[in-house]
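The lines below spell out each chain.
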Amino acid sequence: MLQTLSIRDFVIVDKLDLEFDRGFTVLTGETGAGKSILIDALSLALGARGEGGITRAGCDRAEIVASFDVSALADLQAWLQESEIPQDGTELLLKRVIYADGRSRAFINGLPATIQQLREVGEFLVDIYSQHAHHSLLKQSYQRQILDDYAGLSDEARQLALHFQVWQALRQRRIEVERNASVYAAELAELRDQVRELVQLAPSADEWEPLQMEHSRLSHGASLLSGSEECRDLLSEGEFSAIRQLLSVQHKLQGLSEYDAGLQEALETLDSAVIQIQETDRFLNRYIQRADLEPERLAEVESRIQAIHAAARKNRVRPEDLAALLVEWQSRMVELESFSNDGELAKQEALAMAAYQSLAETVSTGRKKAAKLLSEKITIEMQRLALAGGSFVVDLVAQEPAATGMEQIEFLVAGHVGVAPRPLAKVASGGELSRISLAIRVTTAQQGYIPTMIFDEVDVGIGGGVAEIVGQLLKQLGEKRQILVITHLPQVAAQGEQHLRVSKSEISGQTLSRIEQLPEVARIEEVARMLGGVDITETTRKHATEMLGGAST
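If you're wondering where the values come from, they're calculated on a predicted model, not measured in any experiment.

Explain the packing of helix α6 (residues 181-201) against helix α11 (residues 295-315) here, please?
A pair of packed helices is captured by two measures, namely the crossing angle of their axes and the spacing between those axes. Remark: α6 packs on α11, axes separated minimally by 11 Å, with the N-to-C direction vectors making an angle of 160 degrees. On the basis of the axis angle, α6 is roughly antiparallel to α11. Handedness of the α6/α11 crossing: left-handed. Seen from α6, the contacting residues are Glu197, Leu198 and Leu201; seen from α11, they are Arg304, Ala307, Ile308, Ala311, Lys314 and Asn315. When its residues are assigned to classes, the contact of α6 with α11 shows five nonpolar, one polar and three charged.

I tried to follow the pairing of strand β14 (residues 498-507) on my own but got confused; where do I start?
Regular strands have side chains that alternate between both faces of the sheet. As defined by bridge partners, strand β3 (residues 24-29) adjoins β14 across five bridges and the pair is classed as parallel. By the bridge assignment, Thr25 is partnered in β14 with Gln498. Pairing of β14 with strand β15 (residues 510-517) involves eight bridges; the strand directions are antiparallel. In the sheet register, Glu506 faces β15, and the bridge partner there is Thr511. Between β14 and β15, which follow one another and run antiparallel, lie two residues, and Ser508 among them has a positive phi close to 50 degrees.

Can you walk me through the packing of aromatic side chains in this structure?
The geometry of an aromatic ring pair comes down to the distance between the two centres and the angle between the two planes. Within the structure shown, the criterion is met by four aromatic pairs. Relative to Trp167, the ring of Phe164 has its centre 5.9 Å away and its plane inclined at 90 degrees; by these criteria the two rings are edge-to-face. Taken together, the residues Phe164 and Trp167, both in helix α5 (residues 154-179) and three residues apart, mark about one turn of the helix. Here Phe164 and Trp167 have matching classes, each one buried. Their ring planes at 65 degrees and their centres at 5.1 Å tell us that Phe392 and Phe411 sit as a pair that is edge-to-face. Here Phe411 lies in strand β10 (residues 405-414) and Phe392 lies in strand β9 (residues 391-402), a separation of 19 residues in the sequence. Through pairs of rings, three or more aromatic residues link up here, namely Phe164, Trp167 and Tyr356. Across from the ring centre of Phe107, 5.5 Å away, lies the NZ or CZ of Lys95, which sits over that ring.

Can you walk me through the nonpolar core in this structure?
Within soluble globular proteins, side chains that are nonpolar tend to cluster in buried spots. Phe68, Leu76, Ile108 and Leu125 are the most contacted members of the largest nonpolar core, which totals 45 residues. At seven residues, helix α1 (residues 35-45) tops the list of elements feeding residues into this core. Leu125 has contacts with Leu46, Phe68, Val70, Leu73, Leu76, Leu92, Leu94, Ile450, Pro451 and Thr452, leaving out every residue within four places of it along the chain. The next biggest cluster of nonpolar side chains, apart from the first, holds 43 residues, and it includes Leu385, Leu387, Leu489 and Ala493.

What is the right way to read the packing of helix α9 (residues 242-257) against helix α10 (residues 264-290) from this model?
Where α9 meets α10, the axes come as close as 10 Å, and the angle between the chain directions of the two elements is 160 degrees. Compared by their axis directions, α9 and α10 come out roughly antiparallel. α10 is crossed by α9, and the crossing has left-handed handedness. Facing α9, whose interface residues are Ile243, Leu246, Leu247, Val249, Gln250, Leu253, Gln254 and Ser257, α10 presents Gln264, Ala266, Leu267, Leu270, Asp271, Val274, Ile277, Gln278 and Asp281. When the residues that make up the contact of α9 with α10 are grouped by side-chain class, the tally is ten nonpolar, five polar and two charged.

About the criteria used
- Residues numbered from 1 in each chain as written.
- Predicted model: local features only at pLDDT ≥ 70, side-chain atom pairs only at ≥ 80, totals over all residues.
- Heavy atoms only, no water.
- Axes fitted to C-alpha atoms, helices over the stretch in contact; angles between N-to-C directions.
- Helix = DSSP H or I, 4+ residues; strand = E, 2+ residues; numbered from the N terminus.
- Parallel < 35°, antiparallel > 145°, perpendicular 65-115°, else oblique.
- Left-handed = near helix turned anticlockwise from the far one by under 90°.
- Contact = heavy atoms within 4.5 Å.
- Nonpolar A, V, L, I, M, F, W, Y, C, P; charged D, E, K, R; others polar.
- Pairing = 2+ DSSP bridges.
- Phe/Tyr/Trp six-rings, centres within 6.5 Å; stacked < 30°, edge-to-face > 60°.
- Buried < 20%, exposed > 50% of the residue type's maximum accessible area, 1.4 Å probe, protein only.
- Lys NZ or Arg CZ within 6 Å of the ring centre and 35° of its normal.
- Core = buried A, V, L, I, M, F, W, Y, C linked by side-chain atoms within 4.5 Å.

If you want it as structure tokens, here you go:
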């Protein structure tokens, strides 16, 4: 559950630190006071996309920190471990910093993270329902998602889409092969000749560079041999060789150093130089002894280079890429040979289709069972929401196999007894749609695992006694979840177990928003304001007190 939320320099909030309780929390305030700022800030901490202009005027960055108790979320703890994010205790910290120039940084438990990681973590923690979310109910894709989530079939539905893609890809390949059989046969015949030539050449991926180096050495063998001998003559063999000259200097310095120890350093340096030159001379001697002009090997290397060059020019690749080309051709040959293997591709297609149909039947069975149960439960909730006599039906209509399964899902509603259910988009008014949306939320939330649910003015279009029932439903939902509701209805606000009020004031020429938790007396005043507007009378206060008293019983 959400434990704390700290906001710094965000829109019109300079500093805000909130603590949240379990159960049902309401957030109220006058229009324009900034009630949705809290939701916007929390959304950013959960990985929502940041937009320009969200840092407070005159500030270089906005900072949002949210802490959660994740002791009961085993799946999230497994995700943290898999992502190598350390978790100390039961508290999880999410932090988002957004700079005035649009840059953004994210942190999980103090470690730098990506926005995508924040978003993935957020999916374990919070569901946010905006006042416009009920319009999504009109889309069949969203209706299918609601049913699959309720039925616990979300993973199976994703797998079903993958199975369908594999099946259709194999089907398209089979059709293409059948259509282009003669073209593939000609390509295969040509490839076999080309592969045969390269197999005979047997190019190696790491052959070309060493072959060139060997050719350079062999082709300059005579020059290498004579040059090495000349070097030895200059170093040690000649009458005025370097070693003889240095030994003479060495002998001279040895005598002089007996008179002046300061020459010892020069003598030691010379001794080292003599040793290194003698080692060089010995190396050249060994090189000359091993050297061989090898004309036969030179001819072999030149012939090999010519063959590789010819193959590279013929196939329009670099000599060093011939080995990779051979692998590519051999792979393509295997693919073409599988095409020519009568029935093999059709067999693969049949297996993929069978796998799809098997999973599709499992999904269909689960959807039918869940559709019946969901229809009954939402119909019951509709009666409580001033839709007496109305009914809700999750209709499953058979369709041709598709990525979404073998049935279309559509929500049908009947507003009165004896009226045939019709598609939701055709019969529900704005107020009815809000109530049906709430009934669906209340029903489906019982099945979910997300610990915190936030409703942002989802009670728009609702009033009177229905509003009180909505508050009761949300309070009932708060018995199992942490529920945070932004509302303008006093009937809903009175049901809250914790009441936060948003207010706006001007300080030093700046408009600032603040949120405070209301004690009982202040809460009566707030509910009275929501009931009576600007002028609060003793009658409205009495009414507010009665509403709060009735809600607590």
